[in-house]
Amino acid sequence: MSETSRQAQSPESGNLPLTDQKTGLSSEEATRRTKKFGLNELEQVKPESLWSILLRQVNSIIVYILAAAAIVSFFLGDNLEGFAVIAVILINAITGFVLEYNARQSMEALRKLDTTPTRVLRDKKITEIPSDQVTIGDILILEAGDLIPADALILEVNQLTIDESALTGESVPSQKSTDKSPADAPLGDRHDRLFKGTAITNGNAKAVVTGIGQATELGKIATMVSEAKRTATPLEAKLDALGKVLIWVTLGMATLFLIVGLLRGQEIKQLIETAVALAIAAIPEGMSVVATVALAYGMLRLAEKKVIVKRLSAVETLGGTNVIFTDKTGTLTQNKIEVHTLRAAGNDFIIKMETNEQDVQNLEVKEGDQLLFHSPEQEMLARIGALVNNAQLTSKKSDRKELGDPVEVALLSYALAAGIDLHQLHKDYNRQAEQAFSSDTRMMATLDQVGINYFIGVKGAVEEVSALCNWNSQEDRDKELEVSELMAADGLRTLAFAYLQTDIKPSENFTKDEKLIYAGLIGFLDPPRKEVIKSLTACHEAGIKVIIVTGDHPATSLKIAKDVNLVGEHEQLVLTGKDLESFDFSSADDQKKMMDCHVFARVNPAQKLDMIDFYQKQGDIVGMTGDGVNDAPALKKSDIGIAMGLRGTAVAAEAADMVLKDDSFASIVHAIEQGRVIFENIRKFIVFLLSCNMSEIFVVTFAGFLNVGSPLLPLQILFINIITDVFPALALGVGKDNKKLMQSPPRDPKQPILEMADWKRIVFYALVMTISVLGVYWYAINQLGYSPEEGNTITFFALSLAQLLHVFNMYSGKLRFFNNEITRNKFIWMALALCILVMFITYYIPFFREILSLQILDTRALELILAAGVGPVFVIQCARIFFPIK
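Because the structure is predicted, anything quoted here is derived from the model rather than measured. Here, residues in each chain are numbered from 1, in the same order as that chain's written sequence. Owing to the predicted nature of the model, reporting of local features is limited to residues with pLDDT of at least 70; listing and counting of side-chain atom pairs is limited to 80 or more, with chain, interface and lining totals taken over all residues. Note: side-chain values were computed over all heavy atoms of the structure, leaving out hydrogens and water.

1. Focus on the overall build of the chain
Consideration 1: Scanning the chain from terminus to terminus reveals 30 helices and 27 strands.
Consideration 2: When each of the 886 residues of the chain is scored for burial, the buried share is 52%.
Consideration 3: Should any heavy atoms of two residues lie within 4.5 Å, those residues are considered in contact. The contacts in the chain between residues at least 6 apart in sequence include a share of 70% that link residues at least 24 apart. Each helix is a run of DSSP H or I of at least 4 residues and each strand a run of E of at least 2, with the numbering of both proceeding from the N terminus. Relative accessibility decides the category of a residue: with a 1.4 Å probe and only protein chains considered, values under 20% of the type maximum give buried, values over 50% give exposed, and everything between is partly exposed.

Spelled out as structure tokens, the structure:
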């Protein structure tokens, strides 16, 4: 590491004393500066207060109606009923509060894990400290593989390259030096600066910290990603709209009931009690709880699939997603550079490593993990690649460790596969000199001593390397240049290789003073993930459009798109960021190009925002993947932001709605499938709850209009809603067996949660249950001579049983009654067992029987209850034969 005369003081440190490069900060000074500047961590948005979370649970029109019903009950002297309604409100509020609080605590725990150990020079010795303890003026000791914990000024450097893609979006590592950069230079051109959140790919350095926490470049960008205000999610809005419809229906029926009752001269108190019963019957008290539990259960299920969902509402959005903007590297590909193609000097054929195919004949044979070459030229290519190399790779396959530039790691892997012993190679070849790669020379060269001889190895751009070589004719060189262009057009990154073996020690400028021997070309590619093809096929079947948006080369992007079957083999349409600069998004021609294109390359963050906005204006639900800080605005702008967990930044994860722990596109498809299942489950249990609640409304209303008494009391209705309705609805909400959902287009986000066909089913189901229950009630009192109190008990248990068994009418399509997603759902059977047990307890334990005003019944009454419960299922199943449900 070369010494420099740069002073170890940052512009941000003000009047702080200089830091001694040899001793670093003292522990006392570091503590003093930490107190002054704070910890080295990004500011978190102030979390919502616990009171605010709790108040939001009761801030709904449904809760207001229930509270009004409780007040009326207290006013009429029905204290037990009033307390029961209040208990329901509290249970709903506490359940929602606990779920949201747990989700917030989980995210806080994840944030606390976001610290890494950092080596600093303090008290004259190198010490490892947590990254949040780094402060202004600390001397950082950095090596390849380290994450840079703070912004810093380089003091000493040795062949340092930094992956700054998280900040700049540039995939090629940046070369660093101690040469002073202009103050107004872009981030990517500040070669004497290091930035928090970036990673060292090669070399080592010593640097002084100039900025920490929010004062870093990473912190400045994080500040730009403003916290969006919480708005009602689509599902919340639809549930609220549904609740308002139910309330207006209830008010209308209650008003009509009161008018008819007054005209008949009925008692005012009885009319008000019946109106309260109608209000309680109309409101599905468990709907919000069941919806929350269904979404939360979906989050847990997604976590098992390596998908961490940060917000409950994101699960519902997933189900409607119909456009996905995906990055290429690491999502569709393995994020691992490999040798894909090689062309050795003197050969007129190209060997494609991925398919073992060649243009002329098969000269490459695989045996186990090794490649057996029949050409010394091919072996020389592998040897040069291993020598002109600063990466590290252990030979043990079981515990293989990689460190350094990805291309150089690929060359070492290739050499290992070629049968070269890397340890012995570096023992035999003793490096004497190196000419590091730079943007000016566009190549790297090394000089090694082998016994009494010398070996020069060179790799780099074909134009530069070929210019150093001996050629039989200019035509031969032009041919190599042409081959390189063809490989680049096929999406490959190409490097040319050359060498010279001599017994005379070369000069310091050994690449220019000697004419080299051209060795050949190697093409590199980040290979596609094999499982992606199946996932993209699933997206196509599900009506989801997938679009690659990347900063990579257009040819490389198109090749990957073809390899994963995203586009056809003959597809040539690729739009670049430069193309988009001249686009008029109001033009029909440009809109058509946008809609037809599946591959966008060299796209900057601002253009990603424009693309998302374009598709959102078309009415699409857009998902966006991202990993860098520069992706954060697009992640926030999209309907569902998807951050990469393995290679993603903290800022990207904070802006996203969900995080992929395995960075796999297949996980996105799993998440969308789960989103559709959850939304279908929610729709299904709403149909169940509303049909049950509507049957209660019909029973009370029709009985009042027919003047046949009060078949149900308000407290009995509340009990049915909480016990026999909610538990089967919960079981419906956590169902997971519906494979047909990914074989149809996504739902239209503009459609209400229930369509007209669903409302017709709800009314039909409610009428069937009402007729069955009221029929038994009338028959028991007028034909069998039961008392009104006994008739009330029969109605209570008959309606409870009818609603419990009604869950078996909720299966989809033309599936068999005894073999469908409902009968295969174990939670359904558990819910039914629990509810039946509760019904037995209410009947056989005097305390509960007295609270619910229930009477002892004989065997004949039990038979009536069974007939009223089973009858609706039979009628509905017969109706489905003639009017099948899709």
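Next comes the rest of the account.
2. What to know about the nonpolar core
Consideration 1: Among buried residues, those of type Ala, Val, Leu, Ile, Met, Phe, Trp, Tyr and Cys that are joined through side-chain atoms within 4.5 Å constitute a nonpolar core. By size, the foremost hydrophobic cluster in this structure holds 146 residues, and its most contacted members are M658, F665, F685 and I686.
Consideration 2: Broken down by element, this core gets its largest block of residues, 21 residues, from helix 24 (residues 665-706).
Consideration 3: Sequence-distant contacts of F685, that is, excluding residues within four places in its chain, are made with M287, V290, A291, A294, A729, L732 and G733.
Consideration 4: L342, A415, L416 and M444 belong to the second largest nonpolar core, which has 34 residues in total.

3. Some points on helix 12 (residues 406-417)
Consideration 1: Every helix has an expected span of 1.5 Å times one less than the residues it contains. For helix 12, spanning 12 residues, the distance from its first C-alpha to its last is 16 Å, which sits close to the expected 16 Å at 1.5 Å a residue.
Consideration 2: All of the buried residues in helix 12 are V407, E408, V409, A410, L411, L412, Y414, A415, L416 and A417.
Consideration 3: Backbone geometry just downstream of helix 12 places G419 in the positive-phi region, at approximately 95°.

4. Re the pairing of strand 21 (residues 517-525)
Consideration 1: A large share of strand 21 lies buried, amounting to 8 of its 9 residues.
Consideration 2: Between any two strands, pairing holds if DSSP finds at least two bridges. Relative to strand 21, strand 10 (residues 338-344) runs antiparallel, the two sharing 6 bridges. Note on strand 21: the bridge partner recorded for L342 is I522.
Consideration 3: Sheet topology note: the strand 20 (residues 493-502)/strand 21 ladder contains 7 bridges and is antiparallel. Bridge pairing in strand 21 places F497 opposite G520.

5. Quick word on the packing of helix 25 (residues 714-733) against helix 27 (residues 788-805)
Consideration 1: Following both chains from N to C, one finds helix 25 and helix 27 inclined at 20°, their axes separated by 9 Å at the closest point. In this view, helix 25 runs roughly parallel relative to helix 27, as classed from their interaxial angle. The handedness of the crossing between helix 25 and helix 27 is right-handed. In this structure, helix 25 uses Q716, F719, I720, T724, D725 and P728 to contact helix 27, whose residues at the interface are N792, F796, L799, S800, Q803 and L804. A fitted line through C-alpha atoms represents every axis, and for helices the fit uses only the stretch in contact; the resulting angles, taken between N-to-C directions, go from 0 to 180 degrees. Geometric relationships in this document are graded by angle, where less than 35 degrees denotes roughly parallel, more than 145 denotes roughly antiparallel, 65 to 115 denotes roughly perpendicular, and other angles denote oblique. By definition, turning the near helix anticlockwise from the far helix through less than a right angle yields a left-handed crossing, and turning it clockwise yields a right-handed one.

6. What about the pattern of salt bridges?
Consideration 1: Definition used for salt bridges: Asp or Glu carboxyl oxygen within 4 Å of a side-chain nitrogen of Lys or Arg. This model, assessed by the stated rule, comprises 22 salt bridges.
Consideration 2: Here E143 and R119 are joined by a salt bridge, their closest N and O atoms 3.1 Å apart. Placement of the pair is E143 in strand 3 (residues 139-143) and R119 in strand 1 (residues 117-122), with a sequence separation of 24 residues.
Consideration 3: When its relative accessible area of 42% is taken as the criterion, E143 is described as partly exposed.

7. Some details on the environment of L160
Consideration 1: You can see L160 is positioned in strand 4 (residues 151-163).
Consideration 2: Assessed through its relative accessible area of 1%, L160 is described here as buried.
Consideration 3: For L160 and L142, which are 18 residues apart along the polypeptide, the C-alpha to C-alpha distance reads 9.7 Å.
Consideration 4: Those residues in contact with L160, other than ones at most four positions away along the chain, are I154, S174, Q175, K176, L194, I200, N202, G203, N204 and A205.

8. Some remarks on unusual backbone geometry
Consideration 1: A positive phi angle is found at N565, which is not glycine, with a value near 65°.
Consideration 2: As for its placement among the helices and strands, N565 is situated in the loop between helix 18 (554-563) and strand 23 (575-576).
Consideration 3: A relative accessible area of 53% means that N565 is categorised as exposed.
Consideration 4: Within the chain, R602 stands out as a residue other than glycine whose phi angle is a positive 55°.
Consideration 5: Residue R602 is classed as partly exposed on the basis of its relative accessible area of 43%.

9. With respect to the packing of helix 20 (residues 588-596) against helix 21 (residues 605-617)
Consideration 1: At a minimum axis separation of 12 Å, helix 20 and helix 21 run at an interaxial angle of 100°. One way to sum up the angle between helix 20 and helix 21 is to call them roughly perpendicular. Contacts from Q591, M594 and M595 of helix 20 reach helix 21 at M611, F614 and Y615.
Consideration 2: Taken together, the residues of the contact of helix 20 with helix 21 break down into 5 nonpolar, 1 polar and no charged. Amino acids are sorted into nonpolar (Ala, Val, Leu, Ile, Met, Phe, Trp, Tyr, Cys and Pro), charged (Asp, Glu, Lys and Arg) and polar (every other residue, Gly among them).

10. Section: the sheet that holds strand 27 (residues 658-660)
Consideration 1: As summarised here, the arrangement of the 8 strands in space is 8-27-26-25-9-22-24-23, forming an open sheet in which the pairing is mixed. Edge strands, defined here as strands with exactly one partner in the open sheet, are strand 8 (307-309) and strand 23.
Consideration 2: Inspection of the sheet shows strand 8 paired to strand 27 by 3 bridges, in the antiparallel sense. Residue pairing in the sheet places I308 in a bridge with V659 of strand 27.

11. A few points about a nonpolar patch on the surface
Consideration 1: The patch calculation keeps residues exceeding 30% relative accessible area without a salt bridge and links them within 9 Å when they carry like charges or within 5 Å when they are nonpolar (Val, Leu, Ile, Met, Phe, Trp, Tyr). All accessible-area figures derive from a Shrake-Rupley calculation using a 1.4 Å probe, and residue coverage is judged against the displayed protein chains alone. Together, L834, L837, I841, I845, F847 and F848 make up a nonpolar patch on the protein surface, roughly 520 Å² of accessible area in all.
Consideration 2: Looking at the nonpolar patch, the elements that each hand over two or more residues are helix 28 (826-844) and helix 29 (846-851).
Consideration 3: Ranked by residues supplied to the nonpolar patch, first place goes to helix 28 with 3 residues.
Consideration 4: If you trace the backbone, F848 turns up in helix 29.
Consideration 5: Residue classification places F848 among the partly exposed residues on the basis of a relative accessible area of 35%.

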